[in-house]
Amino acid sequence: MALESAASDLLAYLEWRVGADDAPDLLGETMVVAWRRVKELPKDAERARMWLFGIARGTLLNHQRGQRRRWALADRIRLQVCESPTAPAADEGAEVRDAIDRLDPDLAELVRLVHWERLSIADAAELLGIPASTARGRYQRAKEELRAALRVGAPLA
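All figures in this text were calculated on a predicted structure; none of them were measured in a lab.

Reading guide: rules and limits
Residues numbered from 1 in each chain as written. Predicted model: local features only at pLDDT ≥ 70, side-chain atom pairs only at ≥ 80, totals over all residues. Heavy atoms only, no water. Helix = DSSP H or I, 4+ residues; strand = E, 2+ residues; numbered from the N terminus. Buried < 20%, exposed > 50% of the residue type's maximum accessible area, 1.4 Å probe, protein only. Contact = heavy atoms within 4.5 Å. Patch = residues over 30% accessible without salt bridge, like charges linked within 9 Å, V, L, I, M, F, W, Y side chains within 5 Å. Areas by Shrake-Rupley, 256 points an atom, 1.4 Å probe, with all protein chains shown as cover. Salt bridge = Lys/Arg side-chain N within 4 Å of Asp/Glu carboxyl O. Lys, Arg positive; Asp, Glu negative; His and termini not counted. Charge placed at Lys NZ, Arg CZ, Asp CG, Glu CD. Core = buried A, V, L, I, M, F, W, Y, C linked by side-chain atoms within 4.5 Å. Phe/Tyr/Trp six-rings, centres within 6.5 Å; stacked < 30°, edge-to-face > 60°. Axes fitted to C-alpha atoms, helices over the stretch in contact; angles between N-to-C directions. Parallel < 35°, antiparallel > 145°, perpendicular 65-115°, else oblique. Nonpolar A, V, L, I, M, F, W, Y, C, P; charged D, E, K, R; others polar.

For the rest of this paragraph, the subject is the overall build of the protein. Of regular secondary structure, the protein possesses 7 helices and 0 strands. Sequence-ordered secondary structure for the protein, helices as α and strands as β, is α-α-α-α-α-α-α. Split into buried and exposed, the 157 residues of the protein put 25% on the buried side. Taking all contacts inside the protein whose residues are at least 6 apart in sequence as the whole, residues at least 24 apart take part in 48%.

Written out as structure tokens, the structure is:
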């Protein structure tokens, strides 16, 4: 069959363009597309071979578009990481994190959403599926418990 006889030529074609690591995967994708469209396979051997190369080219173009999207995403992530403030040292804030961890899980999550994720209390309430008034009361209770645990007189944000 034309698919089997063209496989080595298609693999070589793909290896030239993407390297030996990705070429077998792209050949597999090419063959899957060809099998799905096998009713369109030309009867003439040379035309069938060229038809397969056309499918391989389409697969290659899809792969290249995906690569560009991944590189663009990686660039955007790198840019965000560079623009964001540097992370604190691993042990910085350990007392506060430990105190938050000792809170009731619902209170701890509310505190994390407000302070770590920078959500408003109303937005955190919506995310948690509770009324904003309930979230305000829980947040107040969490602050009181944290002050007691940390023996801090200054109010939290």
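Phi at Arg118 takes a positive value of approximately 60°, unusual for a residue other than glycine. In this fold, Arg118 is placed in the loop between helix 5 (105-115) and helix 6 (121-128).

Positive charge collects at one region of the surface, where Arg65, Arg68, Arg69 and Arg70 lie side by side. Along the polypeptide, Arg69 turns up in helix 3 (residues 45-83).

Taken together, the side chains of Asp104, Asp106, Glu109 and Glu117 present a region of like negative charge at the surface. Structurally, the position occupied by Asp106 is in helix 5.

Turning to a nonpolar patch on the surface, a few remarks are in order. Together, Leu73, Ile77 and Val81 give the surface a local cluster of nonpolar side chains, amounting to about 260 Å² of exposed area. The residue Ile77 is located in helix 3 in this model. Using a relative accessible area of 44% as the deciding quantity, one classes Ile77 as partly exposed.

The next subject is the nonpolar core. In terms of nonpolar packing, the biggest core is built from 17 residues, with Leu10, Tyr13, Leu14, Trp51 and Leu52 touching the most fellow members. Contact partners of Tyr13, with chain neighbours within four places excluded, come to Phe53, Ala56, Arg57 and Leu60.

On to the packing of aromatic side chains. Given two aromatic rings, one states the distance between the centres and the angle between the planes to describe the pair. Scanning the model with the defined rule gives 1 aromatic pair in all. Both rings, one in Tyr13 and one in Phe53, keep their centres 5.3 Å apart while their planes meet at 75°; by these two values the pair is edge-to-face. On the criterion of sequence distance, the pair formed by Tyr13 in helix 1 (residues 2-18) and Phe53 in helix 3 is long-range, its members being 40 residues apart. Residue class for Phe53 comes out buried when judged on its relative accessible area of 15%.

Glancing now at the packing of helix 5 against helix 7 (residues 132-150). At a minimum axis separation of 9 Å, helix 5 and helix 7 run at an interaxial angle of 95°. The orientation of helix 5 with respect to helix 7, classified from their angle, is roughly perpendicular. Of the residues in helix 7, those in contact with Asp106, Leu107, Leu110, Val111, Val114 and His115 of helix 5 are Ala135, Arg138, Tyr139, Arg141, Ala142, Glu145 and Leu146. Taken together, the residues that form the contact of helix 5 with helix 7 break down as 8 nonpolar, 1 polar and 4 charged.

Let us now look at the side chain of His63. In this structure, His63 sits in helix 3. Beyond its immediate stretch of four places on either side in the chain, His63 contacts Val18, Asp22, Leu26 and Arg70.

For the rest of this paragraph, the subject is the pattern of salt bridges. By the definition in use, this model includes 6 salt bridges. Taking the shortest distance from any N to any O, the salt bridge between Arg49 and Asp9 comes out at 3.1 Å. Remark: Asp9 occurs in helix 1 and Arg49 occurs in helix 3; sequence separation between them is 40 residues. Residue Asp9 is classed as partly exposed on the basis of its relative accessible area of 33%.

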